[in-house]
Amino acid sequence: MEKLSKSFGGVRALDNVTVEVDKHSLTLLIGPNGSGKTTLLNIASGVLEPDAGRLLFRGENITKLPPHRRYELGITRTFQIPRLFYSLSVLENVLIPWESGVENPITILTRGNWKKAEQARIEKAFKLLELLCLDRMWDSPAYELSGGQMKLLELARALMGDPSLLLLDEPLAGVNPSLAEGIMKHLVHLRNELGVTFLMVEHRLDVALRYATHVYVLHHGRVISEGPPDKVTKDPAVIEAYLGG
């Protein structure tokens, strides 16, 4: 994300912001409320267009691409408040992103082909649920899950699209400390196991900083510090602006 700027009326939410996310990293985006973090994530996912600047993904300019095209390229996101189908089961929620091609009039007549693909998809969904410790609840309606389990379910659904870059909006918000620790361990495992790259907005620094590989700090729409967690947390500008020191 190169030299991004975005204003809402007279409010400049982002001011010439550049953020680079390395492959297979867990990059953390932090800052006080109103610093521009969610705006940046919305631009990265295609929900918003920047007023200036550009976005490059694997060398391709994607600044004008809509969200569904970015999804096809391998960019997926989750939300601070999980957006699930609460009356559907855990497994059904994970299977929703599947584009089966069954609507093709030729394919639908060859039952063996789509039945085999459907079985493979279900097996993949169960593997993801197992990775995130949700496999025992596969047939439970989503509304029966705890807040933390709902975040894990949304993560599983996002992973069904085989993303190379996953954008996470406060995955630890409202989650108890032990489960928050578990979610971060799951992210590291998914990075190592599936090769997923993560860009994460998070306020729970006590947990997230221990797992991040790189950190960007936003304040008043600008990047005021970036680097490894140990370096960033000792930066006087960060201590003054964010940590209240």
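Below: a short report on this structure. (Residues numbered from 1 in each chain as written. Predicted model: local features only at pLDDT ≥ 70, side-chain atom pairs only at ≥ 80, totals over all residues. Heavy atoms only, no water.)

Bringing the overall build of the chain into the picture now. Each helix and strand in the chain was counted, giving 9 helices and 11 strands. For the chain, the C-alpha radius of gyration of 19 Å lies close to 18 Å, the compact-globule estimate for 245 residues. A principal-axis box enclosing the C-alpha atoms of the chain has dimensions of 65 × 40 × 30 Å. Put simply, the chain has 245 residues, and 48% of those count as buried. (Helix = DSSP H or I, 4+ residues; strand = E, 2+ residues; numbered from the N terminus. Rg over C-alpha atoms; globule rule 2.2 N^0.38 Å. Buried < 20%, exposed > 50% of the residue type's maximum accessible area, 1.4 Å probe, protein only.)

Along its 18 residues, helix H6 (residues 177-194) runs 25 Å from first to last C-alpha, staying within 8% of the 26 Å computed at 1.5 Å per residue. Every buried residue belonging to H6 is among Ala180, Glu181, Ile183, Met184, His186, Leu187, Val188, Leu190 and Arg191, and all of these are buried. Phi turns positive, to about 75°, at Gly195, one or two residues after H6. (Expected span 1.5 Å × (residues − 1).)

Buried residues dominate helix H1 (residues 37-45), accounting for 8 of its 9 residues. For H1, the full list of buried residues reads Lys37, Thr39, Leu40, Leu41, Asn42, Ile43, Ala44 and Ser45.

This part is about the packing of helix H5 (residues 147-159) against H6. Where H5 contacts H6, the two axes come as close as 10 Å, and the packing angle between them is 15°. When the interaxial angle is binned, H5 and H6 end up roughly parallel. Like other packed secondary-structure pairs, H5 and H6 cross with a definite hand, here right-handed. Taken together, the residues of H6 that come into contact with H5 (itself represented by Gly148, Gln149, Leu152, Leu155 and Leu159) are Leu179, Ile183, His186, Leu187 and Leu190. In terms of residue class, the contact of H5 with H6 is built from 7 nonpolar, 3 polar and no charged. (Axes fitted to C-alpha atoms, helices over the stretch in contact; angles between N-to-C directions. Parallel < 35°, antiparallel > 145°, perpendicular 65-115°, else oblique. Left-handed = near helix turned anticlockwise from the far one by under 90°. Contact = heavy atoms within 4.5 Å. Nonpolar A, V, L, I, M, F, W, Y, C, P; charged D, E, K, R; others polar.)

In this fold, Asn93 is placed in helix H3 (residues 90-95). By relative accessible area, which is 0% here, Asn93 ends up buried. Within the structure, Asn93 has its side chain in polar contact with the backbone nitrogen of Phe85 (distance 2.9 Å). (Polar contact = N/O pair within 3.5 Å; in protein donor to acceptor, adjacent residues only side chain to side chain.)

In space, the 3 strands of this open sheet follow the order E2-E1-E4, with antiparallel pairing throughout. What marks the edges here is a single partner per strand, and that holds for strand E2 (11-17) and strand E4 (52-54). Each strand of the sheet is rotated relative to its neighbour by a mean of 25°, with strand direction disregarded. Pairing between strand E1 (residues 2-8) and E4: 2 bridges, direction antiparallel. Each bridged residue has a counterpart across the sheet, and for Glu2 the counterpart in E4 is Arg54. (Pairing = 2+ DSSP bridges.)

A few words now on the pattern of salt bridges. Under the counting rule described, the total for this entry stands at 10 salt bridges. Where Asp15 meets Arg12, a salt bridge forms, and the shortest distance between an N and an O atom there is 3.1 Å. Each of the salt bridges in this network shares a partner with another, and the network as a whole consists of Arg12, Asp15 and Arg222. (Salt bridge = Lys/Arg side-chain N within 4 Å of Asp/Glu carboxyl O.)

Among the 5 residues of strand E9 (residues 197-201), 5 are classified as buried, and the element is accordingly described as predominantly covered. Covered by surrounding structure in E9 are Thr197, Leu199 and Val201 together with Phe198 and Met200, the residues of both alternating faces. Here 5 bridges tie strand E8 (residues 165-169) to E9, and the two strands are oriented parallel to one another. Bridge assignment links Leu165 to a residue of E9, and that residue is Thr197. Note that the unit made of E8, H6 and E9 has a crossover that is right-handed. (Right-handed = clockwise from strand over helix to strand, strands pointing away.)

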